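As a plain string of letters, each chain reads:
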Amino acid sequence: ELEVRADTRVAIIGVGTRATLDGQGLSRLILVRARGVLRLENVALINGAASDAGTAVYAGADSDVLLIRVDVAECHATALGGNVMGGAMRLDAGATATLISSAIVNIAAQSGSGYVAGGAMLLSAGATSTPHSSTIGNVSAQSDSGNVKGGAMSLYTGATATFISSAITNVSVQSDSGNVAGG
């Protein structure tokens, strides 16, 4: 797990062929602590895994994440007995994520007995996400016995998502015995 510490700025820019950060299904890829700033450009984030939230990027309170030509793929959040809050990305209160010409695809968020909020992304109170010319697709949000809310995205009170020339496609939400809200 790459950690961007509080009040720190980090930029990772792939040169030539796309740089790849591969979690090999073992860990979250990037943790941005409170007030941290992360810029990723021409990078692939693949095979992230977590048992709670944000398998690719977990953005702490008041942090800022900029993704330019970044592909997030094959990331899976799985909780046997707990909750999953944001399969690929979680933005805590006041965090901001801007995606430009990027994609979040082939994401799974699954809980055995807890709830799932935001198969691809969860935005906490006051968080903001702005996908521009980006795609969120092939997302699965599932709970065996809990509720599922927001197949692609779940926004808490005061959170904002503004899509500019972007798309959400092929989203699946399922709960065997709980409620389902939003696909």
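In case you missed it, the structure is sitting above this.
So, how was this worked out
- Residues numbered from 1 in each chain as written.
- Predicted model: local features only at pLDDT ≥ 70, side-chain atom pairs only at ≥ 80, totals over all residues.
- Heavy atoms only, no water.
- Core = buried A, V, L, I, M, F, W, Y, C linked by side-chain atoms within 4.5 Å.
- Buried < 20%, exposed > 50% of the residue type's maximum accessible area, 1.4 Å probe, protein only.
- Helix = DSSP H or I, 4+ residues; strand = E, 2+ residues; numbered from the N terminus.
- Contact = heavy atoms within 4.5 Å.
- Pairing = 2+ DSSP bridges.
- Axes fitted to C-alpha atoms, helices over the stretch in contact; angles between N-to-C directions.
- Salt bridge = Lys/Arg side-chain N within 4 Å of Asp/Glu carboxyl O.

(A) Region of interest: the nonpolar core. Counting 33 residues, the largest nonpolar core has Leu-45, Val-72, Ile-104 and Met-121 as the members making the most contacts within it. The dominant element in this core, judged by the number of residues it contributes, is strand β8 (residues 64-79), at 5 residues. What Ile-104 contacts, discounting residues up to four positions off in sequence, is Val-72, Ala-88, Met-89, Leu-99, Ala-120, Met-121, Thr-135, Ile-136 and Gly-137. In this structure, Ala-77, Val-84, Ala-109 and Ala-141 belong to the second largest nonpolar core, which totals 7 residues.

(B) Spatial organisation of the sheet that holds strand β14 (residues 121-123). Ordered in space as β1-β4-β7-β10-β14-β18, the 6 strands form an open sheet in which the pairing is parallel. The open sheet has two edge strands with one neighbour each: β1 (2-4) and β18 (153-155). On average, adjacent strands in this sheet sit at an angle of 5 degrees to one another, irrespective of strand direction. Relative to β18, β14 is paired through 3 bridges, and the arrangement is parallel. Paired with Leu-123 across the strands is Leu-155, a residue of β18.

(C) Structural detail: the pairing of strand β12 (residues 103-111). When β8 meets β12, the two strands line up parallel, connected through 8 bridges. In the sheet register, Ala-79 faces β12, and the bridge partner there is Ser-111. Looking at chain direction, β12 and strand β16 (residues 135-143) are connected through 8 bridges and run parallel. Opposite Ser-111, over in β16, you have Ser-143 as the bridge partner.

(D) Representation of the pattern of salt bridges within the structure. This structure, assessed with the given rule, holds 8 salt bridges. The salt bridge involving Glu-1 is made with Arg-28; its shortest N-O contact spans 3.5 Å. In this pair, Glu-1 sits in the segment before β1 while Arg-28 sits in the loop between β3 (19-22) and β4 (30-32), placing the two residues 27 residues apart along the sequence. Of the charged contacts, one joins Asp-71 and Arg-18 as a salt bridge, the two residues approaching to 2.5 Å between their closest N and O atoms. Linking Asp-71 in strand β8 with Arg-18 in the loop between β2 (9-13) and β3, this pair joins segments that are 53 residues apart in sequence. On the basis of relative accessibility, which here comes to 32%, the residue Arg-18 falls in the partly exposed class.

(E) A look at the pairing of β8. As paired elements, strand β5 (residues 37-46) and β8 share 9 bridges and run parallel to each other. Residue pairing for β8: Val-37 is matched across the bridge by Asp-64. Taken together, the 2 bridges between strand β6 (residues 49-50) and β8 define a ladder with parallel strand orientation. Bridging across to β8, Ala-50 finds its partner in Ala-77.

(F) Local environment of the sheet that holds strand β17 (residues 148-149). The 4 strands are arranged β9-β13-β17-β21 in an open sheet whose pairing can be described as parallel. Unpaired on one side and paired on the other, β9 (84-85) and β21 (180-181) mark the two borders of the sheet. Two elements, β17 and β21, share 2 bridges in a ladder whose sense is parallel. Counterpart to Lys-149 in the pairing with β21 is Ala-181.

(G) Seen up close, unusual backbone geometry. A positive phi is found at Gln-24, a non-glycine position, where the angle reads about 50 degrees. Here Asn-42, not a glycine, exhibits a phi torsion of approximately 60 degrees, which is positive. Checked against the element boundaries, Asn-42 lands in strand β5.

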